[in-house]
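Summary of structural features
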Amino acid sequence: MPLALNRSLLEADPEIAQAITDETRRLSDGLEMIASENYASRAVMEAAGSVMTNKYAEGYPGRRYYGGCEFVDVAERLAIERAKRLFGAEHVNVQPHSGAQANLAVFLATLRPGDTILGMDLSHGGHLTHGHPLNVSGMYFNVVTYGVDRETERLDYDALAQLAEKHRPKLIICGASAYPRQIDFARIGEIGRSVRARVLADIAHIAGLVAAGEHPSPIGCVDFVTTTTHKTLRGPRGGLVMCRAEDAKIIDRAVFPGVQGGPLMHIIAAKAVCFREALDANFIEYQRQVRKNAVALGETLSEAGFRLVTGGTDNHLILVDVFTKGITGKAAEQALERAGITVNKNTIPFDANPPLIGSGIRLGTPALTTRGMREDDLRYVGKLIVEALSDVDNAGRQEFIRRKVREMTQDFPLYA
Ligand code: PLP
């Protein structure tokens, strides 16, 4: 009996349909403040949910290992051309399934097992894929880490340069998951050249800001740039590698067949839609607002006596040291969850608490800004956060705040 291709999800799988309905309501009713999250547009989701999911297209446009690729070639060529324009890159590979895959491809292209890499310490704001012992990057390579200065909590470029001089890494990795300040990619690029190391800038978090000119771009300063497409860039979940034309071959070979098989053509089509959206002038306004909102939120929390790591923010996120108020990151995350505010606990530099407890919470503004919230709204959100954290064990207070959150979010409809 043929599968009923045209049944709706509700008919075909009511349990999954219900879970999606519930998730839509959760997104709509709550305040989504995880710094790495955003809301993709309906157009992006339409492409991601399209028939291009069916297609095998190993290889690259015009040189595939499968027939029938003429239309997915159109999608991939558009994605490449738009990403090049958006970031000013000479070469772009749009196939990585995720940010981790993009980084792995650069490692495969540039390193051999046992080589030395210099990456930012996870506990100072770096990412798992930059040399953590439980990640392939930490298992296959000799990892040296750099971090932030104890006083300023900002990247210590002099210390980084000294480590590079001493250890002579093959690859220096910069970019972060929980660092609220600008990263001086030009300086790190120079450090790399001075020790003949190649440099990878992982802009997963700040890609949208970079595309909009709201953070200095690493393009032209470093050898390789990787990113995810689903954070500030507001596209489908996925990854991207950019490099100079002279490195195009080693990157393309590393992505396929190096670390991946068939590309996700529906996601590549959705990336193309995302890049088109990001090339629109509105996107620059959006990214500016993301930053202004982060500043307004940080000021509100500071005024209430919370210590911000580095004292503030230059980008889309703030890292709040809640432990100075006698709360652990874990307790803060849970209290806020009960209040309908989704955040994540985070270690802060030189944290006295273990990672599963943490002394901080990380708060981002990309998703709320997509909903249309502005500085005044973020100040109000900041006050709700302060209220929820004023007594983390008071479930009644959190329920009260949850109602206020629900009231507020009704004014900023999602996927209407
Ligand atoms: N690089 C950085 C800096 C990240 O923050 C992340 C994800 O949070 C990644 C890489 C990994 O991306 P993905 O989850 O798509 O593998």
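In the block above lies the structure referred to throughout.
Residues numbered from 1 in each chain as written. Predicted model: local features only at pLDDT ≥ 70, side-chain atom pairs only at ≥ 80, totals over all residues. Heavy atoms only, no water.

On to the packing of helix 12 (residues 281-303) against helix 15 (residues 375-389), then. In contact at an axis separation of 8 Å, helix 12 and helix 15 are set at 35° when each is read in the N-to-C sense. Here the hand of the crossing between helix 12 and helix 15 comes out right-handed. Between helix 12, through Q289, K292, N293, A296, L297, T300 and L301, and helix 15, the contact on the second element is made entirely by E375, L378, R379, G382, K383, I385 and V386. Residues of the contact of helix 12 with helix 15, tallied by class, amount to six nonpolar, four polar and four charged. (Axes fitted to C-alpha atoms, helices over the stretch in contact; angles between N-to-C directions. Helix = DSSP H or I, 4+ residues; strand = E, 2+ residues; numbered from the N terminus. Left-handed = near helix turned anticlockwise from the far one by under 90°. Contact = heavy atoms within 4.5 Å. Nonpolar A, V, L, I, M, F, W, Y, C, P; charged D, E, K, R; others polar.)

Here we take up the pattern of salt bridges. Within the structure shown, the criterion is met by 22 salt bridges. Between R291 and E214 there is a salt bridge, and its shortest N-O distance comes to 2.9 Å. Placement of the pair is R291 in helix 12 and E214 in the loop between helix 9 (207-211) and strand 9 (224-228), with a sequence separation of 77 residues. Using a relative accessible area of 25% as the deciding quantity, one classes R291 as partly exposed. Given the relative accessible area of 12%, E214 is considered buried. With its nearest N and O atoms 3.0 Å apart, the salt bridge here joins D321 to R307. With D321 in strand 12 (residues 317-321) and R307 in strand 11 (residues 307-308), this residue pair connects regions lying 14 residues apart in the sequence. Connected via shared salt-bridge partners are R198, D223, R244 and D247. (Salt bridge = Lys/Arg side-chain N within 4 Å of Asp/Glu carboxyl O. Buried < 20%, exposed > 50% of the residue type's maximum accessible area, 1.4 Å probe, protein only.)

On the secondary structure map, N38 appears in the loop between strand 1 (31-32) and helix 3 (42-48). With 327 residues separating them along the chain, N38 and T365 place their C-alpha atoms 8.8 Å apart. The contacts of N38, once residues within four sequence positions are left out, are H230, K231, T232, R234, Y286, P366, A367 and T370. A polar atom in the side chain of N38 sits 2.9 Å from the side chain of Y286. (Polar contact = N/O pair within 3.5 Å; in protein donor to acceptor, adjacent residues only side chain to side chain.)

Below, the discussion takes up a nonpolar patch on the surface. A contiguous nonpolar patch, built from L9, I16 and I20 and spanning about 260 Å² of accessible area, is present on the exposed surface. For L9, the position within the fold is in helix 1 (residues 9-12). (Patch = residues over 30% accessible without salt bridge, like charges linked within 9 Å, V, L, I, M, F, W, Y side chains within 5 Å. Areas by Shrake-Rupley, 256 points an atom, 1.4 Å probe, with all protein chains shown as cover.)

S98, G99, A100, H127, A176, S177, D202, A204, H205, T228, H230 and K231 make up every residue found near the ligand. G99 has a polar backbone atom sitting 2.9 Å from an oxygen atom of the ligand. Of the residues that constitute the shell around the ligand, the class distribution is three nonpolar, seven polar and two charged. (Near = heavy atom within 4 Å.)

Here we take up the side chain of N315. On the secondary structure map, N315 appears in the loop between strand 11 and strand 12. Take N315: its relative accessible area is 2%, and that puts it in the buried class. Only 2.9 Å separates the side chain of N315 from the backbone oxygen of Y179, close enough to count as a polar contact.

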